Amino acid sequence: SATQPLTIGGSQADAATVAIKNGSVVQTKDDGSSGYAIITFNPVNMTIEEDSTIKGWACIYAKGPDGSAGSAGSVFTITDSELVSKNVYSGESNAFSMLRAEADNVTFNITDTKIDVSATGDQPQAIVGAPGSLTGVTAKLGEGNEVTLSGEQASDYVRYRKDVDDQLNLSRMERQKK
């Protein structure tokens with residue numbers, strides 16, 4: 001299986017329109033524990049619907065500008081589908097999330113979707129994660145979602161801070177879970 005099966009690359013400032021539907025499957029490994037199922041380096045308006053399945057360490061990874069336009073302004077609308085993300089890793093650099101934003105103004109709208117996040121290693125895995133310096137990162141969990149968080153390190157949201165001592169960062173993330 002691929003580690004980045006759907007990559008939206010290049011360098012375009014205008015949002016691309018992407019539709020994943022009709023039972024489509026985008027996955028890295030069968031169990032959803034490695035790689036980025038969908039990674040975007042540019043803004044997108046993405047719809048995932050109609051019994052589609054996305055599996056990966058990160059189901060969606062919206063990157064910031066780094067040799068590309070970055071994913072700022074992206075909107076991800078997920079309806080009637082399944083998202084599966086597992087963190088089986090140890091080590092301080094392996095805290096991550098199912099929906100990861102590293103650009104400003106990224107929106108995730110999720111309704112009627114099965115969300116399964118597990119963390120069996122010693123690092124956190126959240127539904128949504130973003131560095132602390134970003135603004136406008138929004139996750140709207142609407143009606144009809146079935147959310148399963150498995151493992152002590154699984155949580156709904158973590159705001160990561162790369163610019164602090166690792167031990168302070170880990171302590172802060174632990175406090176956010178509560």
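Residues numbered from 1 in each chain as written. Predicted model: local features only at pLDDT ≥ 70, side-chain atom pairs only at ≥ 80, totals over all residues. Heavy atoms only, no water.

Engineer: Is there a simple way to think about the pattern of salt bridges in this case?
Structural biologist: Pairing between side chains of opposite charge can happen when their charged atoms approach one another. What the rule picks out here adds up to three salt bridges. Here Glu102 ties to Lys63 by a salt bridge, and the two come within 3.7 Å at their closest N and O atoms. Of this pair, Glu102 sits in the loop between strand 10 (96-101) and strand 11 (107-111) while Lys63 sits in the loop between strand 7 (58-62) and strand 8 (75-79), placing them 39 residues apart in sequence. Relative accessible area serves as the criterion here: at 15%, Glu102 is assigned to the buried category. Across the salt bridge formed by Glu102 and Arg100, the nearest N and O atoms sit 2.9 Å from each other. Each member of the pair Glu102 and Arg100 is classed as buried. (Salt bridge = Lys/Arg side-chain N within 4 Å of Asp/Glu carboxyl O. Helix = DSSP H or I, 4+ residues; strand = E, 2+ residues; numbered from the N terminus. Buried < 20%, exposed > 50% of the residue type's maximum accessible area, 1.4 Å probe, protein only.)

Engineer: Would you explain the packing of aromatic side chains in this entry?
Structural biologist: Any two aromatic rings considered together are summarised by their centre-to-centre distance and by the angle between their planes. One pass over the full model with this rule turns up seven aromatic pairs. Geometrically, the ring pair formed by Trp57 and Phe96 is stacked, given 4.5 Å between the ring centres and 25° between the ring planes. Placement of the pair is Trp57 in the loop between strand 6 (53-55) and strand 7 and Phe96 in strand 10, with a sequence separation of 39 residues. Each member of the pair, Trp57 together with Phe96, is buried. Measuring from centroid to centroid gives 5.3 Å for Phe76 and Phe108, while their planes differ by 15°, and the two rings are stacked. (Phe/Tyr/Trp six-rings, centres within 6.5 Å; stacked < 30°, edge-to-face > 60°.)

Engineer: How do you make sense of the sheet that holds strand 6 when you look at a structure like this?
Structural biologist: Strands belonging to one sheet form pairs held by backbone hydrogen bonds; the direction of such a pair is parallel or antiparallel. A sheet is described by the order of its strands in space; here five strands give the open sequence 3-6-9-12-15, paired in parallel fashion. A single partner strand is all that each edge strand has here, and the edge strands are strand 3 (25-27) and strand 15 (146-150). When strand polarity is set aside, the average angle formed by the axes of neighbouring strands in this sheet is 5°. In the sheet, strand 12 (residues 114-119) pairs with strand 15 via five bridges, with the strands oriented parallel. Looking across to strand 15, one finds that Ile115 is bridged to Val147. (Pairing = 2+ DSSP bridges. Axes fitted to C-alpha atoms, helices over the stretch in contact; angles between N-to-C directions.)

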